[in-house]
4 protein chains.
Amino acid sequence: MPKHDSSRPPGATFSTYRYRVPFFDTDAMGVVHHANYIRYLELARIVWLDEHDLPYHRIAGQGIHYATTRVELDYHYSARFDDRIDISVWLDWVRGASLCMAYELRCGDVVVASGHTVHAAVDTTGRVRRLPKDRLANLRPLALRPAPKP
Amino acid sequence: MPKHDSSRPPGATFSTYRYRVPFFDTDAMGVVHHANYIRYLELARIVWLDEHDLPYHRIAGQGIHYATTRVELDYHYSARFDDRIDISVWLDWVRGASLCMAYELRCGDVVVASGHTVHAAVDTTGRVRRLPKDRLANLRPLALRPAPKP
Amino acid sequence: MPKHDSSRPPGATFSTYRYRVPFFDTDAMGVVHHANYIRYLELARIVWLDEHDLPYHRIAGQGIHYATTRVELDYHYSARFDDRIDISVWLDWVRGASLCMAYELRCGDVVVASGHTVHAAVDTTGRVRRLPKDRLANLRPLALRPAPKP
Amino acid sequence: MPKHDSSRPPGATFSTYRYRVPFFDTDAMGVVHHANYIRYLELARIVWLDEHDLPYHRIAGQGIHYATTRVELDYHYSARFDDRIDISVWLDWVRGASLCMAYELRCGDVVVASGHTVHAAVDTTGRVRRLPKDRLANLRPLALRPAPKP
């Protein structure tokens, strides 16, 4: 298979979660079904919040949820049952009420997938809310780049 | 493949939901992954409530949920991508705060799976609650057999 | 909630699949978990192939699979249990060995999500293959626009 | 919540897999959807094969799969997002072409669920096959009890 160059940028604040592919994630082509990778992104995001911001159950405990508003993922290689996927995640940018996470998934040296998710801070009724000041103060220095114009 | 005799009892109040197997339900053996069938039971149960009792969103709107307390399912045949599965469901028994649904899943003449689920009525905090009187009054005549001793 | 303008372009060849949101697709925020929408796209894509090209099991029967190489989806509104989502899909462009499908998901008048998926034709070993001539001949007139430069 | 006595029998050969509940496993009642637990059983089963028999990818590499023929699971307590579930599994019995695994799932001291799965050895076409001699020789001493009459 052709190697795909890594998109992991120097200077980003990473977390990496290792996931062992279960049989129930595979499909009749013998590979991981593409929709499952979207879930893998969440697994790594949760670890990033643990390690670099605030565990998500504590954010949720303050009445704030991160609603996903955009997903984009490019698939470069098909992982299979029992593969170990290393899902790396970093904060791409943050705004007053939203943030963007970036991802690279690898099996050993092979880049399996790469992409981004955007999240809006919402309250328990789903209304967009400004991120709490202490969250913004912590997140801003961790972002890889300035937020693009909305 | 060997035929498995139908377990659909005469006298039960049935609903049947036809499900077209999506690719994402298959696994690397080329068949529907066994855990997905548990979800198929729920799809049929929702239709049964529509047709014979009260739509679930209205039951939930009264603050009652049916928490699943037991699942048992026997698998007789492996369905594949694009198969049409007819999931038949009926009320096996009902008690003051719980009920048992029975299921038979078929592809055409072939019995794919059969089983039962038991559900307890709970409030929004998860505490077991007696079924509302009007629910019990409606459900009791629909049950196939008396509830077994607890 | 704010209305989001429809992105359904005039002149496209549509299929629409109506999906009733099951309870198992919701999450603890009370809404459909965002990863599940990626599966909804597949449900509609299968119907589009039925209606406008060749049923997928027949394409697969010729030893061709459509491997997903890119997913992008914008979420505009949160669907809930028992909502009916109309998933519209059309062929955006086609190339010699790949194609792009576009989607709009609505609950009634409300646009729930919109996006694209890109697929590469692969053989059963996962190697990229040119689309069979008769597939290309059928698909090209259905595409909404010329394929972008690779 | 009421404590449920452990069903872990003395003398069994256990493996235990710790699972951190992801947000995507929860449903709109705020708890893990019951169908997901069936997947958790598989995660622990894979670890048991690693630790006590042969990794499943190697069994599958010999052309043998373990098709699930029965699932039964009792739910005692509702796990939530970010809970850690310890899934213990042991070999209940083994026959010439099938075996039964038993499970207990706990969050700390609380028994969350308990149950059994039965699996038939099948070849890649899905036909039941006798277990290879070396598998039987290894598994028989690990079984907790003699196989029940078929």
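Whatever comes next refers back to the structure up there.
The notes below deal with the structure included here.

Reading the values: rules and limits
- Residues numbered from 1 in each chain as written.
- Chains lettered and ligands numbered in written order.
- Predicted model: local features only at pLDDT ≥ 70, side-chain atom pairs only at ≥ 80, totals over all residues.
- Heavy atoms only, no water.
- Helix = DSSP H or I, 4+ residues; strand = E, 2+ residues; numbered from the N terminus.
- Rg over C-alpha atoms; globule rule 2.2 N^0.38 Å.
- Buried < 20%, exposed > 50% of the residue type's maximum accessible area, 1.4 Å probe, protein only.
- Areas by Shrake-Rupley, 256 points an atom, 1.4 Å probe, with all protein chains shown as cover.
- Lys, Arg positive; Asp, Glu negative; His and termini not counted.
- Charge placed at Lys NZ, Arg CZ, Asp CG, Glu CD.
- Pairing = 2+ DSSP bridges.
- Contact = heavy atoms within 4.5 Å.
- Buried area = accessible area lost by both parts, 1.4 Å probe.
- Salt bridge = Lys/Arg side-chain N within 4 Å of Asp/Glu carboxyl O.
- Polar contact = N/O pair within 3.5 Å; in protein donor to acceptor, adjacent residues only side chain to side chain.
- Nonpolar A, V, L, I, M, F, W, Y, C, P; charged D, E, K, R; others polar.
- Axes fitted to C-alpha atoms, helices over the stretch in contact; angles between N-to-C directions.
- Phe/Tyr/Trp six-rings, centres within 6.5 Å; stacked < 30°, edge-to-face > 60°.
- Parallel < 35°, antiparallel > 145°, perpendicular 65-115°, else oblique.
- Least-squares fit on C-alpha atoms with pLDDT ≥ 70 in both.

A few words on the overall build of chain A. Looking only at helices and strands, chain A has three helices and five strands in total. Along chain A, helices (α) and strands (β) appear in the sequence β-α-α-β-β-β-β-α when read from the amino end. For chain A, whose C-alpha radius of gyration is 16 Å, the value lies close to the compact-globule estimate of 15 Å for 150 residues. Taken along the three principal axes of its C-alpha coordinates, chain A extends 45 × 30 × 25 Å. When burial is assessed residue by residue, chain A has 58% of its 150 residues classed as buried. Accessible area for chain A stands at about 6,400 Å²; split by element, carbon and sulfur atoms hold 51% of it. In chain A, 20 positive and 17 negative side-chain charges are present, and the distance between their average locations comes to 7 Å.

Let's shift gears to the pairing of strand S3 (residues 84–94) of chain C. All names here are of chain C. Counting buried positions over the eleven residues of S3 gives ten, a clear majority of the element. Two strands pair when backbone bridges link them, and strand S1 (residues 15–20) and S3 are joined in this way by six bridges, in the antiparallel orientation. Each residue of the ladder has a partner; that of Ser 15, found in S3, is Val 89. When S3 meets strand S4 (residues 98–107), the two strands line up antiparallel, connected through eight bridges.

Side chains on a regular strand alternate between the two faces of the sheet. Residue and element names in this part refer to chain A. In terms of burial, strand S5 (residues 110–122) is largely enclosed, as twelve of its 13 residues are buried. Taken together, the ten bridges between strand S2 (residues 65–75) and S5 define a ladder with antiparallel strand orientation. Residue pairing across strands places Tyr 75 opposite Ala 113, the latter belonging to S5. Following strand S4 (residues 98–107), the chain reverses through two residues before pairing antiparallel with S5; Gly 108 in that reversal takes a positive phi of roughly 60°.

Here the focus is the interface of chain D and chain B. In this assembly, 19 residues from chain D lie in contact with 19 residues from chain B. In total, about 1,900 Å² of surface goes out of reach between chain D and chain B, with carbon and sulfur atoms giving 50% of it. It is Met29(D), His34(D) and Arg70(D) that lose the most area in chain D upon contact with chain B, and together they represent 27% of the buried surface on that side. Run the count over chain D and chain B and you get four salt bridges. In this structure, Glu72(D) and Arg70(B) form a salt bridge, with 3.5 Å as the shortest nitrogen-oxygen distance. Where chain D touches chain B, the interface holds twelve residue pairs in polar contact (both at pLDDT 80 or more). The set of elements that each furnish at least two residues to the side of chain D that touches chain B consists of helix H1 (36–52) and strand S2 (65–75) of chain D. Broken down by element, the residue count for the side of chain D that touches chain B peaks at nine residues, all from S2(D). When its residues are assigned to classes, the side of chain D that touches chain B shows seven nonpolar, six polar and six charged.

Within the open sheet, the ten strands sit side by side as S1(A)-S3(A)-S4(A)-S5(A)-S2(A)-S2(C)-S5(C)-S4(C)-S3(C)-S1(C). Their pairing is antiparallel. Each edge of the open sheet carries a strand with a single partner, namely strand S1 (15–20) of chain A together with S1 of chain C. Adjacent strand axes in the sheet meet at a mean angle of 25°, parallel and antiparallel pairs treated alike.

So, about the environment of Trp90(D). All names here are of chain D. By secondary structure assignment, the location of Trp 90 is in strand S3 (residues 84–94). Take Trp 90: its relative accessible area is 4%, and that puts it in the buried class. On a C-alpha basis, the gap between Trp 90 and Trp 48 in space is 7.4 Å, while along the polypeptide they are 42 residues apart.

Moving on, we come to the packing of aromatic side chains. Residue and element names in this part refer to chain B. Per the counting criterion, the structure on display carries 32 aromatic pairs over all chains. Ring centres of Tyr 56 and Tyr 66 lie 6.1 Å apart, and the angle between their planes is 40°; on these two criteria the pair is classed as tilted. With a gap of ten residues between them, Tyr 56 in helix H2 (residues 56–61) and Tyr 66 in strand S2 (residues 65–75) connect regions that are remote in the sequence. Here Tyr 56 matches Tyr 66 in class, with each residue buried.

Before going further, it helps to examine the packing of helix H1 (residues 34–52) of chain B against H1(D). Two quantities define a packed helix pair, namely the angle between the helix axes and the distance between the axes. Interaxial distance between H1(B) and H1(D) falls to 8 Å at its minimum, and their mutual angle equals 170°. Overall, the two elements H1(B) and H1(D) adopt an arrangement that is roughly antiparallel. Contact residues: H1(B) offers His34(B), Ala35(B), Asn36(B), Ile38(B) and Arg39(B), while H1(D) offers Asn36(D), Ile38(D), Arg39(D), Glu42(D) and Arg45(D). Tallied by class, residues from the contact of H1(B) with H1(D) come to three nonpolar, three polar and four charged.

A separate point is the interface of chain A and chain C. Every contact between the two is made by 19 residues of chain A and, on the other side, 19 residues of chain C. Across the chain A to chain C interface the summed buried area is about 1,900 Å²; carbon plus sulfur atoms make up 50%. Of all residues in chain A, Met29(A), His34(A) and Arg70(A) bury the most surface against chain C, accounting for 27% of the area lost on that side. Between chain A and chain C we count four salt bridges in total. Put simply, chain A and chain C have eleven residue pairs in polar contact (both at pLDDT 80 or more) between them. Elements supplying a minimum of two residues to the side of chain A that touches chain C: helix H1 (36–52) and S2 of chain A. Sort the elements by how many residues they give to the side of chain A that touches chain C and S2(A) lands first, with nine residues.

Turning our eyes to something else, we now look at the relation of the copies chain D and chain B. Once chain D is rotated about the relating axis by 180° and shifted along it by 0.0 Å, it coincides with chain B to within an RMSD of 0.0 Å. Put plainly, the chains are arranged around a two-fold axis. Residue Glu72(D) of chain D places its C-alpha closer to the rotation axis than any other residue of that unit, at 2.1 Å.

Relative to the helices and strands, Leu73(C) resides in strand S2 (residues 65–75). For Leu73(C), a relative accessible area of 0% puts it in the buried group. Through-space distance from the C-alpha of Leu73(C) to that of Pro9(C) is 17 Å; in sequence the pair is 64 residues apart. For Leu73(C), the residues in contact, after removing those within four places along its chain, are Thr69(A), Arg70(A), Val71(A), Tyr37(C), Ile38(C), Leu41(C), Ala113(C), Ser114(C) and Gly115(C).

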